[in-house]
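Chain and residue survey
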Amino acid sequence: MNYKTKDFQQVLADLGVDVILDSIGGAYFEKNINLLNPDGRLVYINAMQGAKAEINLLKLMQKEFYLPEVP
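Residues numbered from 1 in each chain as written. Predicted model: local features only at pLDDT ≥ 70, side-chain atom pairs only at ≥ 80, totals over all residues. Heavy atoms only, no water.

Overview of the overall build of the protein
A tally of helices and strands in the protein yields three helices and two strands. Helices (α) and strands (β) of the protein occur, in sequence order from the N terminus, as α-β-α-β-α. Against the globule reference of 11 Å for 71 residues, the protein gives a C-alpha radius of gyration of 12 Å, in line with a compact fold. With respect to the three principal axes, the spread of C-alpha positions in the protein is 40 × 25 × 20 Å. Expressed as a percentage of its 71 residues, the buried residues of the protein come to 23%. Summarising the internal contacts of the protein: among those between residues at least 6 apart in sequence, 40% fall at separations of at least 24. Carbon together with sulfur atoms contributes 55% to the accessible area of the protein, which is approximately 5700 Å² in total. Side-chain charges in the protein split into 7 positive and 9 negative, and the spacing between the mean points of these groups amounts to 8 Å. (Helix = DSSP H or I, 4+ residues; strand = E, 2+ residues; numbered from the N terminus. Rg over C-alpha atoms; globule rule 2.2 N^0.38 Å. Buried < 20%, exposed > 50% of the residue type's maximum accessible area, 1.4 Å probe, protein only. Contact = heavy atoms within 4.5 Å. Areas by Shrake-Rupley, 256 points an atom, 1.4 Å probe, with all protein chains shown as cover. Lys, Arg positive; Asp, Glu negative; His and termini not counted. Charge placed at Lys NZ, Arg CZ, Asp CG, Glu CD.)

Here you go:
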């Protein structure tokens, strides 16, 4: 899928996603949360659009999202 011509959130909305590796950050955060299945994993490997993002805490709680312990 060419993300420059299609909105990946619309294309994948009916499928749901278990794992997302995001190198963009910024505005993609909300789209990622919307696509993520409950108990899914969202991993950031970079933040090319920036490290700050707005978050709807209710959506986050509905996804049963958690932060793993880092040794």
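Thoughts on a nonpolar patch on the surface
Side chains of Val19, Leu21, Val43 and Ile45 sit close together on the surface and give an oily, nonpolar patch of about 380 Å² of accessible area. Relative to the assigned elements, Val43 resides in strand β2 (residues 36-44). Look at Val43 and you get partly exposed, because its relative accessible area is 35%. (Patch = residues over 30% accessible without salt bridge, like charges linked within 9 Å, V, L, I, M, F, W, Y side chains within 5 Å. Salt bridge = Lys/Arg side-chain N within 4 Å of Asp/Glu carboxyl O.)

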